[in-house]
Every structure is written in structure tokens, then in C-alpha cells.
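Examining the three-dimensional arrangement
Listed below are the residues making up each chain.
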Amino acid sequence: MDTVADVRTRLILAGIVELEQHGLRDFSLRRVAQEAQVSCAAPYRHFRDKEELILAIIAYIRESWELLADNISSAFADSSEQRLLNLAVAALRFWLANGNLRSVLMSGQEELGEEKRREVNRFDAPILAAVRTLAAERGVNDSEELAFTVLALVYGTVTLVSCGSVGGSDGEALLRARLCEMIFAL
């Protein structure tokens, strides 16, 4: 017998598949229920509506990333440079390994409500914290510009590798090289 948590998790995982296949605009609770192998009413026992399920999916994905980011931050607690570099590379690997999750992050802002946009933007928090720490240590006044550049490099590399313009290992090597140049030039 499935527990409430088991069914909820199955619905979230089925929702991730639904997002990958149909996106936010054509997201269907009926198909989610079918994928999760539960009744059509089951999603409504666990989530108020499809918006709440989508928020739960985003939170589930974000929590996976935050766990990984916390481990990296702890492993490189003594080196702001290495922490930032390894977080950026881990973000690249995370998004490339989880293409189905990337569809949520990369979905058009018009498709997301304010609450979903806030939840998606929380993905950047570990990298932003590492940038701010490094900027403070190096006396960099404009940490926002530095943060923008780091995130642009990460998400740009994800996009280029995803569309096949750059190979995965080449993309990672290029990201590392550009970040090292930038970090050590501060």
C-alpha cells in the first residue's frame, strides 16, 4: 500500500515527465495521474490545483540542486575561488544531466506566475552567495555585474551544449577556463 508521501512523490516525478513532454502551457493533471498510475482524482488529494503541483515540482528540483550545492560549499569552505568555480561547474552538470528539469527553469517568464518565478530564481542563490563572498574578499564593488557574468556563462554553456553547438566536455572546459580567468583577475 502506497503512503501519502509515496503517491505525492510519484505525482511530482510524473509531473516532471509531463513538463518535459508538454511544457507548462499544455500541462495536464490527467496525464500526470496516468503516468503516476493513480486515479484522476489523486492529484487533487495532494495538491489544490495544477499550479500547486507545478510549484511542488519546482521546489523538488530546487531542493535536489541545493543539496548538491550545500555539499560543494562545505567541501570548499576555505576557498571562495574554488567554491564558486565548483558550484558553477556543478550547475552546468546538474542542468545537463536533468534536461527534463531544465524545461522548468528555461520556460518563458510569461508562462510562470510570480510565485513560480520566485521559486525558479532561488536556483541561483548558492552561486550568488559564492559570488558575493568572493567579491567582498577581493574588494569588488559591483558584485551584481560579477554575478550576472557568472550566471550568463553557466546558462549560456548549458544552452550551447544542449543544442549541440559545443560538446559537453568542451563546454565544461571552456566554462572552467573563462571562470578561472575571471576569478583570478579580480
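Residues numbered from 1 in each chain as written. Predicted model: local features only at pLDDT ≥ 70, side-chain atom pairs only at ≥ 80, totals over all residues. Heavy atoms only, no water.

**Thoughts on the environment of Ser 74**
- Note that Ser 74 resides in helix H4 (residues 50–75).
- For the pair Ser 74 and Ile 57, spaced 17 residues apart in the sequence, the C-alpha separation amounts to 26 Å. (Helix = DSSP H or I, 4+ residues; strand = E, 2+ residues; numbered from the N terminus.)

**Quick word on the packing of aromatic side chains**
- Applying the stated criterion across every chain yields a total of three aromatic pairs.
- Between Trp 65 and Phe 94, the ring centres sit 5.6 Å apart and the planes meet at 50°, which makes this aromatic pair tilted. Placement of Trp 65 in helix H4 and of Phe 94 in helix H5 (residues 80–97) is noted, with a sequence separation of 29 residues between them. Note on accessibility: Trp 65 and Phe 94 belong to one class, buried.
- Through a chain of ring-to-ring contacts, the aromatic side chains of Trp 65, Phe 94, Trp 95 and Phe 123 assemble into a single cluster. (Phe/Tyr/Trp six-rings, centres within 6.5 Å; stacked < 30°, edge-to-face > 60°. Buried < 20%, exposed > 50% of the residue type's maximum accessible area, 1.4 Å probe, protein only.)

**Re the pattern of salt bridges**
- If you walk through the whole model with that rule in mind, you get nine salt bridges.
- Where Glu 18 meets Arg 31, a salt bridge forms, and the shortest distance between an N and an O atom there is 2.6 Å. In this pair, Glu 18 is assigned in helix H1 (residues 4–22) and Arg 31 in helix H2 (residues 29–36), connecting sequence segments 13 residues apart.
- Put simply, Arg 62 and Glu 66 hold a salt bridge, and the shortest N to O gap is 2.8 Å. You can see Arg 62 and its partner Glu 66 sitting in helix H4, four residues apart, about one turn around the helix.
- According to the relative accessible area criterion, Glu 66 is partly exposed, its value standing at 21%. (Salt bridge = Lys/Arg side-chain N within 4 Å of Asp/Glu carboxyl O.)

**A word on the confidence of the model for the protein**
- Averaged over all residues, the pLDDT of the protein is 89; the fraction at 70 or higher stands at 92%.
- When pLDDT is averaged over each element of the protein, H2 comes out on top at 96 and helix H6 (residues 99–105) at the bottom at 67. (pLDDT = per-residue confidence, 0-100.)

**Some thoughts on the packing of H5 against helix H10 (residues 168–185)**
- Running from N to C, H5 and H10 point in directions that differ by 155°, and their axes come no closer than 10 Å. What the angle tells us is that H5 and H10 run roughly antiparallel. Here the hand of the crossing between H5 and H10 comes out right-handed. Each of Glu 81, Leu 84, Leu 85, Ala 88, Val 89, Leu 92 and Arg 93 in H5 lies in contact with H10, whose residues at this interface are Gly 171, Glu 172, Leu 175, Arg 176, Leu 179, Cys 180, Ile 183 and Phe 184.
- Of the residues contributing to the contact of H5 with H10, the split by class is ten nonpolar, one polar and four charged. (Axes fitted to C-alpha atoms, helices over the stretch in contact; angles between N-to-C directions. Parallel < 35°, antiparallel > 145°, perpendicular 65-115°, else oblique. Left-handed = near helix turned anticlockwise from the far one by under 90°. Contact = heavy atoms within 4.5 Å. Nonpolar A, V, L, I, M, F, W, Y, C, P; charged D, E, K, R; others polar.)

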